[in-house]
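Close look at the chain arrangement
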Amino acid sequence: MKVLVAVKRVVDFNVKIRVKSDGTGVETGNVKMSMNPFDEIAVEEGVRMREAGTADELIAVSMGPRQCQETIRTALAMGADRGILVETDAELEPLAVAKLLKAITEKESPDLVILGKQAIDDDCNQTGQMLAALLGWGQGTFASGLEFGDAKVTVTREIDGGLETVALTLPAVVTTDLRLNEPRYASLPNIMKAKKKPIDTMTPEDLGVDAQPRLKTLKVEEPQGREVGIRVETVAELVDRLRNEAKVI
Ligand code: AMP
């Protein structure tokens, strides 16, 4: 089985996000960037499939500026076999990413595409669903467990009310949730080995996709700071303050 994983380069989850002083977006200059955490889970799942013999090739794909190569190298160091970089400076929206992934899927014919359930920068939670719709493939989103059978995969999904199990005929699209696995750290020897693994570079034009944004960001603002809370001594005082100060009861 051939598996494709999508890995996005995002501001590291430990970094405190700052809005640019001109309000045009989020500051990314001199900021630590990393692989989107849900995509690390996607890579880990692919590597485990590779180790179990369920998959015989794992390809990591990233889209964005040239530096996305580093994100692909991280996936290669974790165990992916090769990478594909779609290089563009355009601000990519989920539909553009889904179209690019569709074009790559048509070239590579994988049996499974694994994405993160959402990117922690835009929090869209759209790309996997859009890709499945564009390809006409089945989708198992928010996966917390995968089991492979004869040309099918059974996906345990995390939903509001608990767990749901769906059976998909391959090829299919899966998006990862937090509990699917715990991603490994790449070892130093594997980081060195990853430097020799191939990365194909192409552009959206090569794939015949118009990746220009359809949305225009008007302004980005910090959320309002929260006021400092107070501690009350008694329930009577709480009720009094809610009634007479906050005027909410
Ligand atoms: P989103 O729909 O933006 O929340 O992203 C969901 C998932 O789509 C991410 O976890 C990635 O697996 C994939 N994805 C989104 N944008 C990109 C990108 N620029 N490059 C590679 N994968 C991406």
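Since we're looking at a predicted model, the values are computed, not measured.

**Let's talk about the pattern of salt bridges**
- Taken as a whole, this structure holds 19 salt bridges when the rule is applied.
- Across the pair glutamate 51 and arginine 184 runs a salt bridge whose closest N-O atoms are separated by 2.7 Å. Within this pair, whereas glutamate 51 is found in helix H1 (residues 37–52), its partner arginine 184 is found in the loop between strand S10 (172–176) and helix H5 (188–194), the two being separated by 133 residues in sequence.
- Residue classification places arginine 184 among the partly exposed positions, given a relative accessible area of 29%.
- The salt bridge partner of glutamate 245 is arginine 241, with a shortest N-O separation of 3.0 Å.
- The class of glutamate 245 is exposed, set by a relative accessible area of 57%.
- A relative accessible area of 27% places arginine 241 in the partly exposed class.

**Focus on the layout of surface pockets**
- Approximately 1,400 Å³ is the volume attributed to the largest pocket.
- Along its surface, the largest pocket is lined by 50 residues, and Lys8, Glu91, Leu92, Asp121 and Asp122 are the ones closest to its centre.
- Broken down by secondary-structure element, the contributors of at least two residues to the lining of the largest pocket are strand S2 (9–11), strand S4 (57–64), helix H3 (94–108), strand S6 (112–116) and helix H4 (127–135).
- Among the elements that make up the lining of the largest pocket, the one with the highest residue count is S4 (four residues).
- Looking at the lining of the largest pocket, its residues break down into 24 nonpolar, 14 polar and 12 charged.
- Of all elements in the fold, only S2, strand S3 (33–35), H1 and helix H2 (68–78) reach the threshold of two or more residues within the lining of the second largest pocket.
- Tallying contributions element by element places H2 first for the lining of the second largest pocket, with four residues.
- Its residues placed into classes, the lining of the second largest pocket shows nine nonpolar, five polar and seven charged.

Conventions used here
- Residues numbered from 1 in each chain as written.
- Predicted model: local features only at pLDDT ≥ 70, side-chain atom pairs only at ≥ 80, totals over all residues.
- Heavy atoms only, no water.
- Salt bridge = Lys/Arg side-chain N within 4 Å of Asp/Glu carboxyl O.
- Helix = DSSP H or I, 4+ residues; strand = E, 2+ residues; numbered from the N terminus.
- Buried < 20%, exposed > 50% of the residue type's maximum accessible area, 1.4 Å probe, protein only.
- 1 Å grid on protein atoms, 1.4 Å probe; cavity = no way out; pocket = protein on both sides within 12 Å on 5 of 7 lines; lining within 4 Å.
- Points joined across faces, edges and corners; volume = space filled by probe spheres on them.
- Nonpolar A, V, L, I, M, F, W, Y, C, P; charged D, E, K, R; others polar.

Purely geometric stuff here, so don't read any function into it on its own.
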